[in-house]
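# Notes for the structure review
Chain residues, written in single-letter form:
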Amino acid sequence: MTTDIINRRWVLTSRPQTTVSPRNFELQQSPLPDLREGEFLVRNHYLSFEPAQRGWLNDVPSYIPPVAIGEVMRSMAVGEVIASRHSDYQVGDRLQGGFGWQEYAISDGRGLFPVTRIAANIPMSYPLHIYGLTGLTAYFGLLELGRPRAGDTVVISGAAGATGSTAGQIAKLLGCRVIGIAGGQAKCQWLTDELGFDAAIDYKSESVDQRLNSLCKNAINVFYDNVGGPILDAALVNLANHARVVLCGGIASGYQASELPPGPKNYMQLVIRRSRMEGFIVLDYVDRYGPAIEQLQAWVEAGQIKVKEHIVEGIEHCPSALAGLFAGANFGKQLVKI
Ligand SMILES: NC(=O)c1ccc[n+]([C@@H]2O[C@H](COP(=O)([O-])OP(=O)(O)OC[C@H]3O[C@@H](n4cnc5c(N)ncnc54)[C@H](OP(=O)(O)O)[C@@H]3O)[C@@H](O)[C@H]2O)c1
């Protein structure tokens, strides 16, 4: 049934110790096996790129097992069913699942990431970000841990990224004063001119300490942190009393296996400022995804949340797209279109 289709797929061949490189993967091609009873075949359209994928390459205990050597690189993807021997999935269905870095995926609907249907009225790629884990991470991290109130000063690191830009826009919708920290003038200008942030700090050309000191000295009510390292330390120094520091991620560490990230040296500010610092994993909120996605969709359709995608075309670009997240090469949600 499918043996005349040649599938190209990226397989993990070695574990990166520091920066991820194309040399850690091999682009293999082989004919697809026949579908067995209970399986269906998906042609992938978009692959999703997340910093967490770098962490999945480390052979260390985490919230999910590492990708095995010889395995197709794990990733979320969206695609269309082109053949099926599964009663629940029909040819033409648009699906999201953990289909991996490959052109075609055979699935039985089970796995680490559940297969879900994509509604006909939304852009096919949106479940990979704003109507998926990225949007949900911004939503739950900000609302549940950050607990912003109108008039609060909310500072976001990684602010021009997929998660940070969504968290910042939600904070604006709630009536907060929002300051973003991002790399480069173009990203900072986008935050203020197009997304309505009140200020933006270019951490690549400006002193984050000085700018935070002049913009919000001892006045940060919520710090939504995607980055960690010196940027986290700079924010801790400027907390207001009873501030909430949301630990979403620590991309400055590179999520590398070789070295642990430095601890925040200004953590005593949490004591002085009677503040709370708390981490989370978006998967903790799975039973509340439905209403949250409905709210995100309402905001996007009303033009109140803007969405930016950074689309690279061609499966051959997968390893460089993942590496690019750690260099700020993406401006918006990083996707590879196949
Ligand atoms: N807790 C959870 O459940 C959860 C779920 C999903 C994602 N996350 C976290 O959310 C964060 C954002 O993920 P995303 O998928 O939305 O990616 P993203 O923000 O779209 O892309 C990553 C961005 O990180 C910035 N960056 C890279 N290296 C940096 C460094 N050394 N210092 C400062 N900024 C750096 C770059 O922007 P610049 O150009 O501005 O440097 C890059 O564009 C990550 O920390 C991720 O691990 C957490």
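Residues numbered from 1 in each chain as written. Predicted model: local features only at pLDDT ≥ 70, side-chain atom pairs only at ≥ 80, totals over all residues.

### Overview of the overall build of the protein
- Helices and strands together make up the secondary structure of the protein, namely 9 helices and 15 strands.
- Against the globule reference of 20 Å for 338 residues, the protein gives a C-alpha radius of gyration of 21 Å, in line with a compact fold.
- Judged by the C-alpha coordinates and their principal axes, the protein covers about 65 × 45 × 35 Å.
- Counting only residues that meet the buried cut, the protein has 43% of its 338 residues in that class.
- Considering only contacts within the protein whose residues lie at least 6 apart along the sequence, 65% involve residues at least 24 apart. (Helix = DSSP H or I, 4+ residues; strand = E, 2+ residues; numbered from the N terminus. Rg over C-alpha atoms; globule rule 2.2 N^0.38 Å. Buried ≥ 20, exposed ≤ 12 C-beta atoms within 10 Å, placed from the backbone. Contact = placed C-beta atoms within 7 Å.)

### Description of the site of the ligand
- The immediate surroundings of the ligand are formed by 30 residues, with Gly161, Thr163, Gly183, Gly249 and Gly328 found nearest.
- Elements that contribute at least two residues to the shell around the ligand include exactly α2 (133-146) and α3 (162-173).
- A breakdown of the residues in the shell around the ligand according to their chemical character gives 15 nonpolar, 12 polar and 3 charged.
- For the shell around the ligand, the two domains that each supply at least three residues are domain 1 (6-128 + 308-337) and domain 2 (133-283). (Near = placed C-beta within 6 Å. Nonpolar A, V, L, I, M, F, W, Y, C, P; charged D, E, K, R; others polar. Domains from an automatic or database assignment.)

### Comments concerning the nonpolar core
- In this structure, Val155, Leu191, Phe223, Tyr224 and Ala235 are the most contacted members of the largest nonpolar core, which totals 55 residues.
- With 6 residues, the single largest contributor to this core is α2.
- Not counting residues up to four positions away in its chain, the partners in contact with Phe223 are Val155, Ala235, Ala243, Val245 and Val246.
- By size, the runner-up hydrophobic cluster in this structure holds 32 residues, among which are Trp10, Val42, Phe49 and Met76. (Core = buried A, V, L, I, M, F, W, Y, C linked by C-beta atoms within 7 Å.)

### Looking at the domain arrangement of the protein
- Taken domain by domain, the protein holds domain 1 (6-128 + 308-337) and domain 2 (133-283).
- On a C-alpha basis, the centres of domain 1 and domain 2 stand 29 Å from each other.
- Opposite the 16 residues of domain 1 that make contact, domain 2 presents 15 residues.

### Notes on helix α8 (residues 289-301)
- The end-to-end C-alpha distance of α8 is 18 Å, a good match for the 18 Å that 13 residues give at a rise of 1.5 Å each.
- Regarding α8, the residues found buried are Ile293, Leu296 and Val300. Within α8, the buried residues cover an arc of 60 degrees as seen down the axis, which keeps them to one side. For α8, the exposed residues lying more than 90 degrees away from the buried face are Gly290, Pro291, Glu294, Ala298 and Glu301.
- On its buried side, α8 packs onto α2. (Expected span 1.5 Å × (residues − 1). Arc of directions from axis to C-beta.)

### Comments concerning the sheet that holds strand β10 (residues 199-202)
- Taken in spatial order, the 6 strands line up as β10-β9-β8-β11-β12-β13 in an open sheet, and their pairing is parallel. Unpaired on one side and paired on the other, β10 and β13 (276-279) mark the two borders of the sheet. Strand-to-strand twist of the sheet, defined as the mean angle between neighbouring strand axes without regard to direction, takes the value 15 degrees.
- With 4 bridges connecting them, strand β12 (residues 239-247) and β13 associate as parallel partners. (Pairing = 2+ DSSP bridges. Axes fitted to C-alpha atoms, helices over the stretch in contact; angles between N-to-C directions.)

### Topic: the packing of α2 against α3
- Their axes nearest at 8 Å, the elements α2 and α3 cross at an angle of 45 degrees. In terms of axis orientation, α2 runs oblique to α3. Viewed along their axes, α2 and α3 form a crossing whose handedness is right-handed. Contacts between α2 and α3 involve Thr134, Gly135, Thr137, Ala138, Tyr139, Gly141 and Leu142 on the former and, on the latter, Ala162, Thr163, Thr166, Ala167, Ile170 and Ala171.
- Per-class residue counts for the contact of α2 with α3 are 7 nonpolar, 6 polar and no charged. (Parallel < 35°, antiparallel > 145°, perpendicular 65-115°, else oblique. Left-handed = near helix turned anticlockwise from the far one by under 90°.)

### Quick notes on the packing of α2 against α8
- α8 packs onto α2 with a crossing angle of 100 degrees between their chain directions and a minimal axis gap of 10 Å. Regarding the angle of α2 to α8, the classification is roughly perpendicular. Of α8, the residues touching α2 (which contributes Gly135, Leu136, Tyr139 and Phe140) are Tyr289, Ala292 and Leu296.
- Residues that form the contact of α2 with α8 fall into these classes: 6 nonpolar, 1 polar and no charged.

### Considering the pairing of strand β8 (residues 153-157)
- By the criterion of burial, β8 is predominantly enclosed, with 5 of the 5 residues buried.
- Here β8 shows two buried faces, one formed by Thr153, Val155 and Ser157 and the other by Val154 and Ile156.
- In this structure, β8 lies alongside strand β9 (residues 177-182), joined through 5 bridges in parallel fashion. Bridging from a neighbouring strand, Ile156 pairs with Gly180 of β9.
- Following the chain from β8 across α3 to the adjacent parallel β9, one finds a crossover that is right-handed. (Right-handed = clockwise from strand over helix to strand, strands pointing away.)

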